[in-house]
Structures are given as structure tokens and as C-alpha cells.
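# Tertiary structure, described
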Amino acid sequence: MELTVGIVQADFKGNPVENAEKGFKLVMEKHKEADLIVFPEYTMLNPLRFKTPDEVYAFSEHIEESTFINTMRRLSELLSVDIIVNIIEKTNKPPLSKNTSVLVKSDGEAVPLYSKIHLFDALGYKESNFFLNGDAPSKFIRVRGFRLAVAICYDLRFPELFRFYALNGADGVVVQAGWLRGPLKEESLEILASTRAHENTMYVVLSDQTGEYFVGRSGVFSPLGYRELDMGFKEAYMEHTLNYENVRLARERLPVVEQSRRIWDLRFNPLT
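Now for a look at the structure at hand. (Residues numbered from 1 in each chain as written. Predicted model: local features only at pLDDT ≥ 70, side-chain atom pairs only at ≥ 80, totals over all residues. Heavy atoms only, no water.)

## Examining the sheet that holds strand S5 (residues 110–115)
- With respect to topology, six strands assemble into an open sheet ordered S5-S4-S3-S2-S1-S14, the strand pairing being mixed. Both edges of this open sheet fall to S5 and strand S14 (236–243), since each of them pairs with a single strand only. With strand direction ignored, the average angle separating the axes of adjacent strands in the sheet is 30 degrees.
- In this fold helix H1 (residues 16–30) packs onto strand S1 (2–9), strand S2 (36–38) and S14, with an angle of close to 60 degrees to the strand it touches most, S14. (Pairing = 2+ DSSP bridges. Helix = DSSP H or I, 4+ residues; strand = E, 2+ residues; numbered from the N terminus. Axes fitted to C-alpha atoms, helices over the stretch in contact; angles between N-to-C directions. Contact = heavy atoms within 4.5 Å.)

## Topic: helix H3 (residues 67–79)
- Between its first and last C-alpha atoms H3 spans 19 Å; for 13 residues at 1.5 Å apiece the expected length is 18 Å, and the two agree.
- Turning to H3, its buried residues are Phe68, Ile69, Thr71, Met72, Arg73, Leu75, Ser76 and Leu79.
- If you follow the buried residues of H3, they end up packed against H1, S2, strand S3 (82–89), strand S4 (98–104) and S5.
- Of the residues flanking the end of H3, it is Ser80, one or two places downstream, whose phi is positive at about 55 degrees. (Expected span 1.5 Å × (residues − 1). Buried < 20%, exposed > 50% of the residue type's maximum accessible area, 1.4 Å probe, protein only.)

## Let's talk about the packing of aromatic side chains
- The tally for this structure, following the rule as stated, stands at 13 aromatic pairs.
- With a centroid separation of 5.8 Å and an interplanar angle of 85 degrees, the aromatic rings of Phe146 and Tyr244 are classed as edge-to-face. Taken together, the residues Phe146 in strand S9 (residues 146–152) and Tyr244 in helix H6 (residues 244–253) connect sequence positions 98 residues apart.
- Directly above the ring of Phe24 sits Arg74, whose terminal nitrogen or CZ lies 4.3 Å from the centroid.
- Above the ring of Tyr57, the side-chain terminus of Lys90 is found at 4.4 Å from the ring centroid. (Phe/Tyr/Trp six-rings, centres within 6.5 Å; stacked < 30°, edge-to-face > 60°. Lys NZ or Arg CZ within 6 Å of the ring centre and 35° of its normal.)

## Observations regarding the packing of helix H4 (residues 159–167) against helix H7 (residues 256–263)
- Two numbers describe how H4 lies on H7: the axes approach to 10 Å, and their chain directions differ by 95 degrees. Comparing their axes, H7 and H4 come out roughly perpendicular. Residues Arg163, Ala166 and Leu167 of H4 pack against Val256, Val257, Ser260 and Arg261 of H7.
- When grouped by side-chain class, the residues that make up the contact of H4 with H7 number four nonpolar, one polar and two charged. (Parallel < 35°, antiparallel > 145°, perpendicular 65-115°, else oblique. Nonpolar A, V, L, I, M, F, W, Y, C, P; charged D, E, K, R; others polar.)

## Topic: the pattern of salt bridges
- Taken as a whole, this structure holds 20 salt bridges when the rule is applied.
- For Lys116, the salt bridge identified is with Glu41, shortest N-O distance 3.0 Å. Taken together, the positions of Lys116 in the loop between S5 and strand S6 (121–122) and Glu41 in the loop between S2 and helix H2 (53–59) put the pair 75 residues apart, joining distant regions of the chain. Considered together, Lys116 and Glu41 belong to a single accessibility category, that of buried residues.
- With its nearest N and O atoms 3.1 Å apart, the salt bridge here joins Arg217 to Glu186. (Salt bridge = Lys/Arg side-chain N within 4 Å of Asp/Glu carboxyl O.)

## Points about the environment of Ala34
- As for its position among the elements, Ala34 is in the loop between H1 and S2.
- A relative accessible area of 6% places Ala34 in the buried class.
- For Ala34 and Met44, which are 10 residues apart along the polypeptide, the C-alpha to C-alpha distance reads 22 Å.
- Once you skip the residues sitting within four places of it in the chain, Ala34 turns out to touch Thr4, Val5, Gly6, Val81, Tyr237 and Glu239.

## Quick notes on the sheet that holds S9
- Ordered in space as S8-S9-S10-S11-S12-S13, the six strands form an open sheet in which the pairing is mixed. The strands lining the two open edges of the sheet, one partner per strand, are strand S8 (141–143) and strand S13 (227–230). Strand-to-strand twist in this sheet, taken as the mean axis angle between neighbours without regard to direction, amounts to 25 degrees.
- In the packing of H4 onto the sheet, the strands contacted are S9 and strand S10 (172–177), and the crossing angle to S9 comes to about 165 degrees.

## Topic: the packing of H1 against H3
- The N-to-C vectors of H1 and H3 enclose an angle of 15 degrees; their axes lie 8 Å apart at closest approach. When the axes of H1 and H3 are compared, the pair comes out roughly parallel. As for how H1 packs across H3, the hand of that crossing is right-handed. Facing Pro16, Asn19, Ala20, Glu21, Phe24, Val27 and Met28 of H1, the residues of H3 in contact are Phe68, Thr71, Met72, Arg74, Leu75, Leu78 and Leu79.
- Residues belonging to the contact of H1 with H3 are distributed by class as follows: 10 nonpolar, two polar and two charged. (Left-handed = near helix turned anticlockwise from the far one by under 90°.)

## Description of the pairing of S1
- Most of S1 is tucked away, with seven of its eight residues classed as buried.
- Here S1 pairs with S14 via eight bridges, running antiparallel. Bridging from a neighbouring strand, Thr4 pairs with Thr241 of S14.
- Alignment of S1 against S2, held across three bridges, turns out to be parallel. Each residue of the ladder has a partner; that of Ile7, found in S2, is Val38.

Read these as spatial facts, not as claims about activity.
If you want it as C-alpha cells, here you go:
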């Protein structure tokens, strides 16, 4: 059983219309056979380019009315492929929006999968000034027999979420990231993504932005934690095939998930 993922790495520095068209063009030019395409965090809009949450909220959209989603829907239908995108979702609590992953299906349906639980209130930045926390882990999707969940950027620093996904049957986690530049930040991204894959014997598919603010280094990490694909620093679209046999063999030889299941009771407690 195999799944080919297409990973987008780019600097999305425009408004939602410009960013949607940039992503559309990049994928249309390079797509070959991917079953699932993944865009990074902040693809719709990069809030770091704005000074106030009001400015970001002004660009936010409801999923069902989103012009950004409509462009991704057109891409999905043309290529007959499912796409995971990241949007700035409008809420009824302005000026706060939500950082949300959406599955755009080839039949035109747009399904909200996950809103970021762990907001990046660290290293001198306060993402909670712009966004509301999500209130649930990711919905699971099944593509080519693989059971997948979604995480967003700072979530990589919380092993509980990835173990929760593994205990609930995930074969892999798609991570949409806007991993900020800074001292040793490339190394921390590499270590965290590798560790989350290894300790849960599952694939981690990482789509990160690059450019002025972000480190790039998108790619794929195997169920044993080694990197199978490194996309470097340039804007790119690349495809990579995941093999379910690698998940099965890793869990047979290193049964940490089942051993954990027998000992630990891991539950999600939503913020109130």
C-alpha cells in the first residue's frame, strides 16, 4: 500500500488572492501523480507581516465563503486530487480568528480538519493575540489506505498530541508549518519532526514556508525517524511516496505505541 504526497514549500507573502494564485501555479507546473497535496501554515496570509490582529481579521474568511478555498477547490478538481490547505478562519469573536487546516476534496467539498491547539506564545511572539485556540485534535482522514491526522507548527513541541494520534490509529501526521528563522531553529525543527516520527513509529509529512521569515526544510520523516526527503531552502513542489510496509515493520520491531497503550491513559482536556 502506497501513498504519494505532494509538498509545497514557498514564501507566501501576499494577500489571500495572490497567495492562492501562487500556490495554484506552483502545483499546476510541477504536479505528477500525488494522491494528496499539502500546503504550509499561513499559506492564505502571513500574520507576521501585520502589526495588529484587526488587520489580520479583516482578511479572514468563513470556509464556506472563502475565495482562497475556491481557488484551491479549482486546483483540486483540475488535478483530481485532495489538498490540505491552511486558512485564517473568521470567527464571531473579532479581532481573533483561527489558524485552521482544511481538506479540499476533488469533488469540491471543503472539510475543516483542525484548528491549532497550541498557539505560539513563546520566543518573544504571542500568537494568541491573533488567534483563538482550537478545541479538539484533528479529524482523521483516509487516503490510499493511510490513516492521517494534522498538526500545525508549534504542535511539534507537544509529544502528547502525536502520541494521541498514534494511539488512535494514525499511520502518519501531516504538519503544516511556518517555522520561524532564528538561532538553531533549523536544528530544532529537524530534531522535533524526526523524534515525533520515531517515537510513534509513523510518518511525519512536513510542509514549511521559506523566505524572509521561515526556515524551509520541508520533507518526509520515516516511521523510524530518519529523513527520507529534504526540500532545502528554495521554493519548490516535490512528491514523495510513503510505503505502509514501513509503518508495519517499524511497529512490529519497535512496539512502543502498543506498550504505551497498556500503561498510559492519554486524554485531551480542552481549554476553557
